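# Commentary on secondary and tertiary structure
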Amino acid sequence: MSATEPMPLDAFALPAPELAQALLSTVLFHRETAGMIVETEAYLGGDDLASHSARGETMRTRVLFGPPGRAYIYLIYGIYECLNVVAGAVGTPGCVLIRALEPLCGLPSMYQRRGLAGAPATLTNGPGKLTQALDITAKQYGQRLDKGALRIRRWRDRPIFETAVTPRIGISECVDWPLRFVWARHPCLSRAR
DNA sequence: GGTAGGATGGGCT
DNA sequence: GCCCATCCTACCC
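Residues numbered from 1 in each chain as written. Chains lettered and ligands numbered in written order. Predicted model: local features only at pLDDT ≥ 70, side-chain atom pairs only at ≥ 80, totals over all residues. Heavy atoms only, no water.

Summarising the element assignment, leucine 189 is placed in the segment after β9 (180–183). For the pair leucine 189 and valine 175, spaced 14 residues apart in sequence, the C-alpha to C-alpha distance is 19 Å. The contact partners of leucine 189, leaving out residues within four places of it in the chain, are Val38, Glu39, Ala100, Asn125, Val182 and Trp183. (Helix = DSSP H or I, 4+ residues; strand = E, 2+ residues; numbered from the N terminus. Contact = heavy atoms within 4.5 Å.)

Have a look at this one:
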């Protein structure tokens, strides 16, 4: 595959469902490790009751209401961190959850951070797994993703792949909304479909 | 192949 | 005090 190039900050200024699709095949870098994004979910503002922004702006959700291209990171089940990319414009609290990567660089570090053996796909085929493998924590809350230590870059020549759309995983509201986007049949997805 | 249960802590009512 | 945008292990087909 060809080399990567920076993703300009204004490329993140899309409605969450469009950004979720645009982020497929881009590469997430942090601390000597990197992986290609193959699974995302869009979370909307307004009437999307599954979104953390649905109950308004709080200390935790503050970054969702600001400019796009920032990291929204939260602790889930007291154990795992989940990484989201803030989408849209100021005041529109959409975001994109990064759910799975294909490991590309620094696999020994990923195995060490995960503390488990297994196939490379198991390093990053889930939202809690990939943050552990790339050492992404609440310390990165609010950071810009177009440049810096935690960054997203895109291939100069975007690979050709098929996108599939499904409902989101693990939520109890808006369960049928088609807002999960995957690289179809990719071996590193968190679920087969 | 499958599922049931526990870990664990911050956010919110 | 309850609820999680999860993961792993144990156990059962």
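Looking now at the protein's contact with DNA strand B. Close to DNA strand B lie Arg55, Thr58, Arg60, Tyr77, Gly78 and Ile79. Atoms of DNA strand B within 4 Å of the protein belong to the sugar or the phosphate in 57% of instances, the rest to bases. In the model, a phosphate oxygen of DNA strand B is placed 2.8 Å from a nitrogen or oxygen of the threonine 58 side chain. Between DNA strand B and glycine 78 there is a distance of 3.5 Å, counted from a base nitrogen to a backbone nitrogen or oxygen. Considering only residue class, the surface near DNA strand B consists of two nonpolar, two polar and two charged. (Near = heavy atom within 4 Å. Polar contact = N/O pair within 3.5 Å; in protein donor to acceptor, adjacent residues only side chain to side chain. Nonpolar A, V, L, I, M, F, W, Y, C, P; charged D, E, K, R; others polar.)

Quick look at the state of the cysteines now. In total, this model carries zero disulfides according to the counting rule given. Just so you know, cysteine 95 is unpaired, no disulfide at all, and the nearest cysteine sulfur is the one on cysteine 82, 11 Å from it. In this structure cysteine 105 is a free cysteine whose sulfur lies 14 Å from that of cysteine 188, the closest cysteine sulfur available. A residue is classified by how much of its surface remains accessible, and cysteine 105, at 36% relative accessible area, is partly exposed. (Disulfide = S-S within 2.5 Å. Buried < 20%, exposed > 50% of the residue type's maximum accessible area, 1.4 Å probe, protein only.)

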